[in-house]
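# Breakdown of the fold
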Amino acid sequence: MSVHLNVRKVTTHVLHEMKLKKEKISMLTAYDYSMAKLIDQAGIDVILVGDSASNVMAGYDSTLPITLDEMIYHASSVVRAVKRALVVVDLPFGSYQGNSKLALSSAIRIMKETGAHAIKMEGGAEIKDSVKRVLSAGIPVMGHLGLTPQSIHKFGTYVVRAKNEEEAKKLIEDAYLLEETGCFAIVLEKIPAKLAERVAKEVLIPIIGIGAGAKVDGQVLVIHDLLGITQEFSPRFLRRYHNLSSEIRGAVENYISDVKSVSFPNEKESY
Ligand code: KIV
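A brief report on the enclosed structure follows. (Residues numbered from 1 in each chain as written. Predicted model: local features only at pLDDT ≥ 70, side-chain atom pairs only at ≥ 80, totals over all residues. Heavy atoms only, no water.)

### Re the overall build of the protein chain
Note the threshold: Only DSSP runs of H or I reaching four residues or more are called helices, and only runs of E reaching two or more are called strands; each is numbered from the N terminus. Radius of gyration here is computed from C-alpha atoms only, and the compact-globule reference equals 2.2 Å multiplied by the residue count raised to the power 0.38. Each residue's exposure class comes from its accessible area (1.4 Å probe, protein chains only) as a fraction of the maximum for that residue type: buried when under 20%, exposed when over 50%, partly exposed otherwise. Per-residue accessibility takes into account occlusion by the displayed protein chains alone, with areas from the Shrake-Rupley method and a 1.4 Å probe. When charges are tallied, Lys and Arg are placed among the positive residues and Asp and Glu among the negative ones, while His and the ends of the chain are skipped. Charge placement uses NZ in Lys and CZ in Arg. For Asp and Glu, CG and CD serve respectively.
When helices and strands are tallied, the protein chain shows 11 helices and eight strands. For the protein chain, the C-alpha radius of gyration of 20 Å lies close to 18 Å, the compact-globule estimate for 271 residues. For the protein chain, buried positions account for 49% of its 271 residues. For the protein chain, the accessible area works out to roughly 14,300 Å², and carbon and sulfur atoms hold 56% of it. Placing the 33 positive and 32 negative side-chain charges of the protein chain at their respective mean positions leaves the two points 4 Å apart.

Here it is as structure tokens:
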């Protein structure tokens, strides 16, 4: 079922209302015009132009290499397709950490050059100044705590985060800090469901989970994982809604065979 596109656009205010009404928020990644158009037509609430583009679009083994210019290219393609969803763009690694002026200029480039509605940054207390400065320019900021892939070399693995008391305490403090600073929502990635539930209950802004259990305010997945385009990545939290990799391979195999046997194009497909 596709939604009627005359409906109200999703804004940060709408997300806040959804939390109050206990209506779950749906969020997916997109990196290009065609996919973003389909996802928006299907009625998704939030589209994240994630720096996971570094993995699924560019083939790197982490999110670190993608550049601000590349994120701007992906984000402007997505924005051209979207009529209803809120579009959030990841600030890439190296464009905001440890330098709040750089953070502001990166965020301004994203907003000006793509037409997106908000940006996302990974981290808590350590990026507080950057979050504050970006917010001071009227740019909505989504936080991201728990497994923060841009810090993969600090942690060394992609295992579940905040399992011990010390890390859980810091995560809760960081969630409060992001809320007080003015973030409009927070992504919690790969943390125990009980901890995510507690954060979603205690803070007033929407909490969007990925590998954080069901008792949060919404869920996000990478579209290539949901559709089964990626094959090697199979974490426990991932539900695949399709097996597009084998469908795409099958279609391409049929095309190759039709070209080789000259059954494509036929007369009707010729001028
Ligand atoms: O980059 C991304 O796709 C993300 C989501 C996994 C939340 O940050």
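That was the structure; now back to the text.
### Some thoughts on helix H1 (residues 12–20)
Rules: Along the arc lie the directions from the helix axis toward the C-beta atoms.
Along H1, the residues classified as buried are Val14, Leu15, Met18 and Lys19. Across the axial projection of H1, the buried residues extend over an arc of 145°, all falling on one side. Looking one or two residues past H1, Lys22 carries a phi angle of roughly 60°, positive in sign.

### Observations concerning the sheet that holds strand E1 (residues 25–29)
In any sheet, the strands associate via hydrogen bonds between backbone groups, in a parallel or an antiparallel arrangement. What counts here: For two strands to be treated as a pair, DSSP must find no fewer than two bridges joining them. Structural elements are reduced to axes, namely lines fitted to C-alpha atoms, with helices fitted over the stretch in contact, and the angle between N-to-C directions of any two is expressed from 0 to 180 degrees.
Strand order in the closed barrel formed by eight strands is E1-E2-E3-E4-E5-E6-E7-E8, and the pairing between neighbours is parallel. Each strand axis lies, on average, 25° off the axis of its neighbour in the sheet, ignoring direction. Sheet topology places E1 next to strand E8 (residues 218–221); four bridges connect them, and they run parallel. Bridging from a neighbouring strand, Ser26 pairs with Gln219 of E8.

### Some details on the packing of aromatic side chains
Applicable threshold: In this analysis, rings of Phe, Tyr and Trp, with Trp reduced to its six-membered ring, are considered paired at centre separations within 6.5 Å, and the interplanar angle assigns stacked below 30 degrees, edge-to-face beyond 60, and tilted for intermediate values. Throughout this description, the term charge over a ring refers to an Arg CZ or Lys NZ atom that lies within 6 Å of the ring centre and within 35 degrees of the ring normal.
Enumeration over the complete set of coordinates arrives at two aromatic pairs. On the basis of an interplanar angle of 70° and a centroid distance of 6.4 Å, the ring pair of Phe233 and Phe237 is categorised as edge-to-face. Judged by its relative accessible area of 40%, Phe233 is partly exposed. The class of Phe237 is partly exposed, set by a relative accessible area of 23%. Here Arg161 stacks its cationic end above the ring of Phe155, 4.2 Å away from the centre of that ring.

### Describing the site of the ligand
Cut-off, in case you're wondering: Put simply, a residue is near a molecule or strand once any heavy atom of it comes within 4 Å of that molecule or strand. Here a polar contact is recorded for every N or O atom pair within 3.5 Å, except that within protein the pair must consist of a potential hydrogen donor and a potential acceptor, and residues adjacent in sequence are included only if both atoms are side-chain atoms.
Every residue near the ligand is listed here: Thr29, Leu48, Gly50, Asp51, Ser52, Asp90, Lys120, His144, Val187, Ile210 and Val222. In this structure, Asp51 approaches the ligand through a side-chain N or O atom, which is 3.0 Å from an oxygen atom. Residue Asp90 places a side-chain N or O atom 3.1 Å away from an oxygen atom belonging to the ligand. For the ligand, whose unbound accessible area comes to 260 Å², protein coverage reaches 95%.

### Some details on the pattern of salt bridges
We apply this condition: A carboxyl oxygen of Asp or Glu within 4 Å of a side-chain nitrogen of Lys or Arg is what we treat as a salt bridge.
The tally for this structure, following the rule as stated, stands at 12 salt bridges. In this structure, Glu17 and Arg8 form a salt bridge, with 3.2 Å as the shortest nitrogen-oxygen distance. Here Asp217 and Lys19 are joined by a salt bridge, their closest N and O atoms 2.8 Å apart. Taken as a pair, Asp217 in the loop between strand E7 (207–210) and E8 and Lys19 in helix H1 lie far apart in primary sequence, 198 residues in all. Taken as a pair, Asp217 and Lys19 share a single burial class, namely buried. Through salt bridges that share partners, Asp69, Arg109 and Glu113 make up one connected network.

### Observations regarding helix H4 (residues 68–81)
This is how it is decided: In this analysis, the expected span of each helix is defined as 1.5 Å times one less than the number of residues it contains.
In a regular helix each residue adds 1.5 Å, so 14 residues correspond to 20 Å; H4 covers 20 Å between its end C-alpha atoms and thus fits that length. Burial analysis of H4 places 10 of its 14 residues in the buried class, the great majority of the element.

### So, the packing of helix H5 (residues 100–114) against helix H6 (residues 128–136)
To keep things clear, this is the line we draw: By definition in this entry, angles of less than 35 degrees are roughly parallel, angles greater than 145 are roughly antiparallel, angles of 65 to 115 are roughly perpendicular, and the rest are oblique. The sense of a crossing depends on the near helix, which, turned anticlockwise from the far helix by less than a right angle, makes the crossing left-handed and, turned clockwise, makes it right-handed. Every residue pair with non-hydrogen atoms within 4.5 Å of one another is taken to be in contact.
Running from N to C, H5 and H6 point in directions that differ by 45°, and their axes come no closer than 8 Å. Regarding the angle of H5 to H6, the classification is oblique. Relative to H6, the crossing made by H5 is right-handed. Between H5 and H6, the contacting residues are Ser100, Lys101, Ala103, Leu104 and Ala107 on the first element and Asp129, Ser130, Arg133 and Val134 on the second.

### Quick word on the side chain of Ser77
On the secondary structure map, Ser77 appears in helix H4. The exposure class of Ser77 is buried, given its relative accessible area of 8%. Setting aside chain neighbours within four positions, we find Ser77 in contact with Tyr31, Asp32 and Tyr33.

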